[in-house]
Amino acid sequence: MATTADFKNGLCIVYNNELWTIVEFQHVKPGKGNTFVRTKIKHIKSGRVQEVRFDAGIKIEVARVERRPYTFSYKMGDNYVFMHAETWEELSIEESMINNPGLLKEGQGVEIMYHTESDTPLTCELPPFVDLEVVEADPGIKGDTATNSLKRAVVETGADVYVPLFINVGEKIKVDTRTNKYSERVKE
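This write-up is about the structure you can find in this document. For clarity, every value in this text was computed on a predicted model and none was experimentally measured.

Let us now look at unusual backbone geometry. With phi around 65 degrees, Trp88 is a residue other than glycine that occupies positive phi space. Note on Trp88: relative accessible area 62%, which makes it exposed. You will see that Asp119, though not glycine, has its phi angle at about 50 degrees, which is positive. In this fold, Asp119 is placed in the loop between strand 10 (109-115) and strand 11 (120-125). Asp119 sits in the partly exposed class, given a relative accessible area of 44%.

The following block contains the structure:
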């Protein structure tokens with residue numbers, strides 16, 4: 001058991017007999033009344049985000065989870081097959097368990113979160129940023145760096161990413177897997 005003082009982003013808790021992770025939290029001490037913690041929690045299975053208010057100091061059950069390193073091997077139907085980085089064991093999981101499957105490419109390293117008590121996979125998380133090559137985009141024009149205008153580009157995984165006008169086909173870009181947005185050019 002833990003209290004609201006132990007809250008941190010990414011902490012996995014049991015709330016209403018289901019597993020949730022804390023996305024963000026804020027301790028609030030109003031002028032009148034008791035202190036409380038305003039949180040945004042994300043349901044592990046469905047991905048639904050909910051705002052919840054906890055009274056300060058109450059006991060919360062923390063779920064024991066473990067993150068294990070895997071490498072993406074291939075896609076088979078609706079399932080994705082991963083290989084454990086150390087034991088070479090294969091694991092097949094559903095697309096709904098992956099935080100951004102459109103940015104997943106062969107050989108990509110990921111972390112799969114396991115519930116330690118039942119030893120079942122819960123989610124698959126890509127690293128915060130991935131480097132991908134642009135395979136389709138309108139040509140850039142010299143001098144297009146002054147505005148914040150964006151254009152649609154297709155990366156090597158087939159996902160659509162909006163990029164600045166100066167990005168051309170063949171360039172490598174860094175994409176934020178949490179927001180599916182362009183971050184920067186990759187310097188070779």
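Still more to cover.
Scanning all chains against the criterion turns up 0 disulfides. Of all cysteine sulfurs in the structure, the one in Cys124 sits closest to Cys12, which takes part in no disulfide; the separation is 16 Å. Relative accessible area serves as the criterion here: at 1%, Cys124 is assigned to the buried category.

Here strand 4 (residues 36-43) runs beside strand 5 (residues 49-55); their pairing, made up of 7 bridges, is antiparallel. Counted as the bridge partner of Thr39 is Val52 from strand 5. In this antiparallel pair of consecutive strands, strand 4 and strand 5, the connection spans 5 residues, and Gly47 shows a positive phi of 85 degrees.

The rules behind these values
- Residues numbered from 1 in each chain as written.
- Predicted model: local features only at pLDDT ≥ 70, side-chain atom pairs only at ≥ 80, totals over all residues.
- Heavy atoms only, no water.
- Buried < 20%, exposed > 50% of the residue type's maximum accessible area, 1.4 Å probe, protein only.
- Helix = DSSP H or I, 4+ residues; strand = E, 2+ residues; numbered from the N terminus.
- Disulfide = S-S within 2.5 Å.
- Pairing = 2+ DSSP bridges.

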